[in-house]
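Secondary and tertiary structure notes
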Amino acid sequence: MLAYTARRILGLVPVLLGVAFLVFTMLWISPGDPVVALLGESAQGISSEALAELRQAYGLDRPFLVQFASYLADVVRGDLGVSVRSSQPVLTEVMSRFPATLALAGSAMLVAIVIGMVFGILAAVYRGTIVDHVAVVVALLGVSVPVFWSGLVLMLIFALYLGWLPASGFGSWRHLLMPAFAVGFSSAAFIARITRASLIEALRQDYVRTARSKGLSPSVVRLKHALRNALLPVVTVVGLQFGGLLGGAVLTETVFAWPGVGRMLVDAIRSRDMPLVQGSVLFVAVVFIVVNLVVDLSYAALNPKVRYE
Amino acid sequence: MSDRRPVPPSLRRFWRNRAAVAGLVVVVVLVAVAVAAPLLAPYAPEAQNLRERLRPPSGAHWFGTDEFGRDVLSRVLYGARISLLTGLVPVLSGLLVGTAIGLVAGYYGGRLDNLLMRVMDVLLAFPSLLLALAVVGALGPGLVNAVIAVAIVAVPGYARLARSVVIATREEEFVQAARALGARDPRLLLKHVLPTTLGPLSVQATLGIGFAILSMAGLSFLGLGVQPPTADWGEMLARGRRFLPDSAWLLIFPGAAISLTVLAFNLFGDGLRDALDPRD
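All residue numbers refer to positions counted from 1 along the written sequence of the respective chain. Here every chain gets a letter starting at A, and every ligand a number starting at 1, in the order they are written. Totals for whole chains, interfaces and linings use every residue, but because this is a predicted model, local features are given only for residues with pLDDT of at least 70 and side-chain atom pairs only at 80 or more, for both listing and counting.

To continue, consider the overall build of chain A. The number of helices and strands found in chain A is 13 helices and zero strands. Only DSSP runs of H or I reaching four residues or more are called helices, and only runs of E reaching two or more are called strands; each is numbered from the N terminus. In chain A, the succession of α and β elements from N to C terminus is α-α-α-α-α-α-α-α-α-α-α-α-α. For chain A, with 309 residues in total, the buried portion stands at 41%. For every residue, the other C-beta atoms within 10 Å of its own C-beta are counted; 20 or more classify it as buried, 12 or fewer as exposed, and values in between as partly exposed. C-beta atoms are placed from the backbone.

Written as structure tokens, this is what we have:
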């Protein structure tokens, strides 16, 4: 397992380099002068001589690869630049917003796993019945309905009409409930589909027939024998869904005025705060990569076959 | 004597799948609505009437009016144009670029394959909406840039799929035979290898349209895609939410339109996949 872990971590180095390269390139593919992009609106009215000086100060006159190397060195040291709007270090800004996004993505994940697995198991066990059909329809709606719309509909019903929950903001579990459901619902749909397919497949296997013929009760066979083996593909999907959750969080944070990284990123794009855009994109991408690594490793821990491939 | 050709089994399987057929029907209706929007819409989508602002659904305005007194039904109908277009264009561009990358990588293998696939890995290392936001963040908000962003997000999926099909095909006898007969690489790739990728790629593309429509609506909702006053469902939602809870119709109709469209493409795509790949 240790060798496998080391191999996986090493394998990530080129991907991380590539991600950093893409994020670095954002400044160069953005239309206009990179120094203007870095300065944002404050570049307006600056003379071309002053811009040239600033270009030199930022090191933007150096060769592209030299600049990338120095960017990389800064990133490794935790220096993601300075936000144009707030003049705060980008890392400080991102870190102050990250707990809110993590809380949202984490609770959405919980919602997704619970709802997704319950629907998936019910659909597989009662395959072909009305329960199955309802579960399939709910799962289809989950992948088709935009998260920002389901968020708004939840807000309309539970906050604005019924007054049960706060419409927006941050602070207590009551604030978290609607955004978590809105984001979690679409991932729940994926998890339900995979759980259903995987459990149906597992229920067909010989060991299930053997367990049944031994006279074990159907629920013991389903839950103890079949479900346990059916869970492996589900674990992978849960990991992959985390990316979707982070993406969904960006949209949902805007709907519920949730003070997370996603909303900050969108505001930064609107106000052309390039260092903050780059820093938040890099940060979220790295979080996503690390989460996927953890999921892969836990998958390998659960399934010895993976480690020896 | 009958000269009717037998119906292919995949087509028969598709027609037996009621959900898939329903999806196809909705897609066809949506395309018809998009094409005929000027004939169907009771008002011009951008025509303002400030005396009729924020009116609930009525006989004159079936879906109500917005804060400028514009007819929501007309805007939803015209919105089908933008939605279908912004769903199709990124998918087709992503498909074109992705397939080309996959063909070259899979056919030539070696270092080129390795390099191209590592680039695809890097693109896949981003959550898809984050990648789209990064591209829009670099290029700036707007319809064209959002379409480019969603297309870039789509590329690695098609590249990987095309590559895997090509690798399986490369050593097939008909390709070997064509090569032995002196066919050059471009001809081999386009005439013999490319056709084998079309089935799986068309399934992925159909499912991709739904996803592209969702992504574009999301970007427009964030104010980074389609810009006002163009009638677009995502943009309508972004503005409509400011008038909740009193004007709920501004939320219900555009949102339902997005959901129905994406659902239809998903049902159709799922049906295509099941019909072409009967193993499941």
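To continue, consider the packing of helix α1 (residues 2-29) of chain A against helix α5 (residues 110-124) of chain B. Every angle, taken between N-to-C directions, lies between 0 and 180 degrees, and every axis is a line fitted to C-alpha atoms, over only the stretch in contact when it is a helix. The N-to-C vectors of α1 of chain A and α5 of chain B enclose an angle of 70°; their axes lie 9 Å apart at closest approach. Classed by the angle they form, the pair α1 of chain A and α5 of chain B counts as roughly perpendicular. Together, Pro14, Val15, Gly18, Val19 and Leu22 of chain A of α1 of chain A and Arg118, Asp121 and Val122 of chain B of α5 of chain B make up the contact between the two elements. Note on residue categories: nonpolar means Ala, Val, Leu, Ile, Met, Phe, Trp, Tyr, Cys or Pro, charged means Asp, Glu, Lys or Arg, and polar means any other residue, Gly included. Residue classes in the contact of α1 of chain A with α5 of chain B are distributed as five nonpolar, one polar and two charged. Note that the term roughly parallel is reserved for angles under 35 degrees, roughly antiparallel for angles over 145, roughly perpendicular for angles of 65 to 115, and oblique for everything else. Note on contacts: each residue gets a C-beta atom placed from the backbone, and two residues are in contact if those atoms are within 7 Å.

In this section: the confidence of the model for chain A. pLDDT is a residue-level measure of predictor confidence that goes from 0 to 100. Per-chain confidence: chain A averages 86 in pLDDT, with 99% of residues scoring 70 or above. Within chain A, no element has a lower average pLDDT than helix α13 (residues 304-307) of chain A, which sits at 68, and none a higher one than helix α7 (residues 147-161) of chain A, at 93.

Right, let's get into unusual backbone geometry. A cis geometry characterises the amide bond from Pro228 of chain B onward to Pro229 of chain B, with omega recorded as 10°. Positive phi outside glycine occurs at Ala257 of chain A, with the angle close to 50°. Following the sequence through the fold, Ala257 of chain A ends up in the loop between α10 (218-255) and α11 (261-270). Phi is positive for Leu54 of chain B, close to 50°, though the residue is something other than glycine. With respect to the helices, strands and loops of the structure, Leu54 of chain B is situated in the loop between α3 (37-40) and α4 (72-108).

To continue, consider the domain arrangement of chain A. It is common to give the size of an interface as the accessible area lost on bringing the parts into contact. Residue and element names in this part refer to chain A. Segmenting chain A into domains produces domain 1 (17-79) and domain 2 (91-302). What counts as a domain boundary in this text is fixed by an automatic or database domain assignment. Relative placement of domain 1 and domain 2: their C-alpha centres are 37 Å apart. Contacts between the two partners involve ten residues from domain 1 and, on the opposite side, ten residues from domain 2. Looking at the side of domain 1 that touches domain 2, the elements with two or more residues in it are α1 and α2 (34-39). Counting residues per element, the side of domain 1 that touches domain 2 draws most heavily on α1, which supplies five residues. Looking at side-chain class alone, the side of domain 1 that touches domain 2 contains seven nonpolar, three polar and no charged residues.

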